[in-house]
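Architecture at a glance
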Amino acid sequence: MTAPSNARSDGTADRNADGGFRRELSARVRLADLLVLASVPAVLGAVFALPEATRRSLAFAYTDPTVRTAFTAHYVHLDTGHLAGNVAGYCLLAGVGYALAVLAGYRRFFLVALATFLLAFPFALSALNLAVPRNAIGFGFSGVNMALAGLLPLLLGVYARERFFPGASIRALPAAFFPLVGWMALLALPVAPGSLDGPGLAGLATAVAGLLLGLLYASSTGIRIRSAVRGGVRAAVSNPGYGDLFAVGVALTVGYPVVGFPGDATGTGSVVNLYVHLLGFCLAFIGPFALLAAGAFEE
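Residues numbered from 1 in each chain as written. Predicted model: local features only at pLDDT ≥ 70, side-chain atom pairs only at ≥ 80, totals over all residues. Heavy atoms only, no water.

1. Considerations on the side chain of Thr72
Summarising the element assignment, Thr72 is placed in helix α4 (residues 67-72). Using a relative accessible area of 17% as the deciding quantity, one classes Thr72 as buried. Within the local environment of Thr72, its side chain forms a polar contact with the backbone oxygen of Leu58, the two atoms lying 2.7 Å apart. (Helix = DSSP H or I, 4+ residues; strand = E, 2+ residues; numbered from the N terminus. Buried < 20%, exposed > 50% of the residue type's maximum accessible area, 1.4 Å probe, protein only. Polar contact = N/O pair within 3.5 Å; in protein donor to acceptor, adjacent residues only side chain to side chain.)

What follows is the structure, given as structure tokens:
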């Protein structure tokens, strides 16, 4: 008769822990932050409500670039499917990222990064796009979404350090960056000649190189991969709510590149800009990581 009692006790402890997670998250979330986060889909929807001719005039023409369209193009969508996909991606990435940030005590870091992605990244991404000349127009929010995806590993790192591993070093985070870039290459690079599916040699080689670089970097910082993975899984399982958020963040970090780097980049009348997606991810990781490593956002 004692086993059921223990089961009930364990279940109660889990529910209490999960309730504590929800209470802490609710206490840390600020209404002003939620309004800022919600303003992005509102702006994207308002721009989409403009006449199509106006929206096309706001797109970035590579043969006739302007400072104005370098910014506005990232908020323009020409069909509902494109808009819906980008809004859904933003809600996932920004929502999970914000939750990780506030629970880790890095709210200011997240908001500064978000403001940078929304206000400065459009200019930077458009300018770097000119390195690949073509007679086309660029538009859509996906480059900013990929910037949020690039920020996510950093947020997972500070969250894990604050919640599970107090002795962990922020400087070890590039060990995750290199394999993620390799994973994107595996997803995006063309298929092998004569093959109908599967990654091409270039994608496979880049993925292997990214994995090796990640392992070498981890080794140089004293990380033991197996024990780190076991510890992460154990921490996630033993901390209901907090561990669930961490697991969702990891799944989103690994899974979102499948959306951002499709094997077939061509769509109905458009081509997915894999180049700007990679730029968004890399720039959003490298710059904020340098600031974190320097201790600029310790709270």
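There's plenty left to go through after this.
2. Looking at the pattern of salt bridges
Inspection of the entire model under this criterion finds five salt bridges. Linking Glu24 and Arg163 is a salt bridge whose minimum nitrogen-to-oxygen distance equals 2.4 Å. In this pair, Glu24 is assigned in helix α1 (residues 2-28) and Arg163 in helix α8 (residues 142-163), connecting sequence segments 139 residues apart. Through salt bridges that share partners, Glu24, Arg28 and Arg163 make up one connected network. (Salt bridge = Lys/Arg side-chain N within 4 Å of Asp/Glu carboxyl O.)

3. Concerning the environment of Ala209
Relative to the helices and strands, Ala209 resides in helix α10 (residues 201-220). Residues Ala209 and Val181, spaced 28 residues apart in sequence, show a C-alpha to C-alpha distance of 9.7 Å.

4. A word on the packing of aromatic side chains
Counting across every chain of the model gives 18 aromatic pairs. On the basis of an interplanar angle of 25 degrees and a centroid distance of 4.7 Å, the ring pair of Phe177 and Phe285 is categorised as stacked. With a gap of 108 residues between them, Phe177 in helix α9 (residues 174-188) and Phe285 in helix α13 (residues 274-293) connect regions that are remote in the sequence. Pairing Phe178 with Tyr217 gives two aromatic rings, centres 6.4 Å apart and planes at 55 degrees, and the pair type is tilted. Residue Phe178 is found in helix α9, and its partner Tyr217 is found in helix α10; the two are separated by 39 residues along the sequence. Since its relative accessible area comes to 27%, Phe178 is described here as partly exposed. Look at Tyr217 and you get partly exposed, because its relative accessible area is 25%. Chaining the aromatic ring pairs together yields one cluster made of Phe177, Phe178, Tyr217, Phe281, Phe285 and Phe289. Positioned above the aromatic ring of Phe48, the side-chain terminus of Arg55 is 4.6 Å from the ring centre. (Phe/Tyr/Trp six-rings, centres within 6.5 Å; stacked < 30°, edge-to-face > 60°. Lys NZ or Arg CZ within 6 Å of the ring centre and 35° of its normal.)

5. Section: the packing of α9 against α10
For the pair α9 and α10, interaxial distance at closest approach is 7 Å and the crossing angle is 175 degrees. As judged from the angle between their axes, α9 and α10 are roughly antiparallel. In this structure, α9 contributes Pro174, Ala175, Phe178, Pro179, Gly182, Ala185 and Leu186 to the contact, and α10 contributes Gly203, Leu204, Thr206, Ala207, Gly210, Leu211, Leu213, Gly214, Tyr217 and Ala218. Here the contact of α9 with α10 is built from residues that sort into 12 nonpolar, five polar and no charged. (Axes fitted to C-alpha atoms, helices over the stretch in contact; angles between N-to-C directions. Parallel < 35°, antiparallel > 145°, perpendicular 65-115°, else oblique. Contact = heavy atoms within 4.5 Å. Nonpolar A, V, L, I, M, F, W, Y, C, P; charged D, E, K, R; others polar.)

6. Observations regarding the packing of helix α5 (residues 80-104) against helix α6 (residues 107-119)
Orientation of α5 relative to α6, taken along the N-to-C sense of each, is 150 degrees, at an axis distance of 7 Å. Taken together, the axes of α5 and α6 are roughly antiparallel relative to one another. Residue-level contacts link Tyr90, Ala94, Gly97, Tyr98, Ala101 and Val102 of α5 to Arg107, Phe110 and Leu114 of α6. Here the contact of α5 with α6 is composed, by residue class, of seven nonpolar, one polar and one charged.

7. Focus: the nonpolar core
One finds Phe117 and Tyr159 to be the most contacted residues of the largest nonpolar core, which totals 67 residues. Here this core gets 13 residues from one element, more than from any other, and that element is α8. (Core = buried A, V, L, I, M, F, W, Y, C linked by side-chain atoms within 4.5 Å.)

8. Observations concerning the confidence of the model for the protein chain
A residue-level look at the protein chain finds 86% of positions with pLDDT of 70 or above and a mean pLDDT of 86. This stretch, residues 1-9, has a pLDDT under 50; its non-local contacts, to residues over four places away or in other chains, come to zero contacts. (pLDDT = per-residue confidence, 0-100.)

9. Points about α6
For α6, built from 13 residues, the straight-helix expectation of 18 Å at 1.5 Å per residue is met to within 8% by its first-to-last C-alpha distance of 18 Å. Those residues of α6 that sit buried are Phe109, Phe110, Ala113, Leu114, Phe117 and Leu118. Angular distribution of buried residues about the axis of α6 spans 155 degrees; they occupy a single face of the element. (Expected span 1.5 Å × (residues − 1). Arc of directions from axis to C-beta.)

10. Concerning α9
With 15 residues, α9 should reach 21 Å at 1.5 Å per residue; the first-to-last C-alpha distance of 21 Å fits that figure. When α9 is considered as a whole, its buried residues turn out to be Pro174, Ala175, Phe177, Leu180, Gly182, Met184, Ala185, Leu187 and Ala188. If you follow the buried residues of α9, they end up packed against α8, α10, α12 (242-260) and α13.

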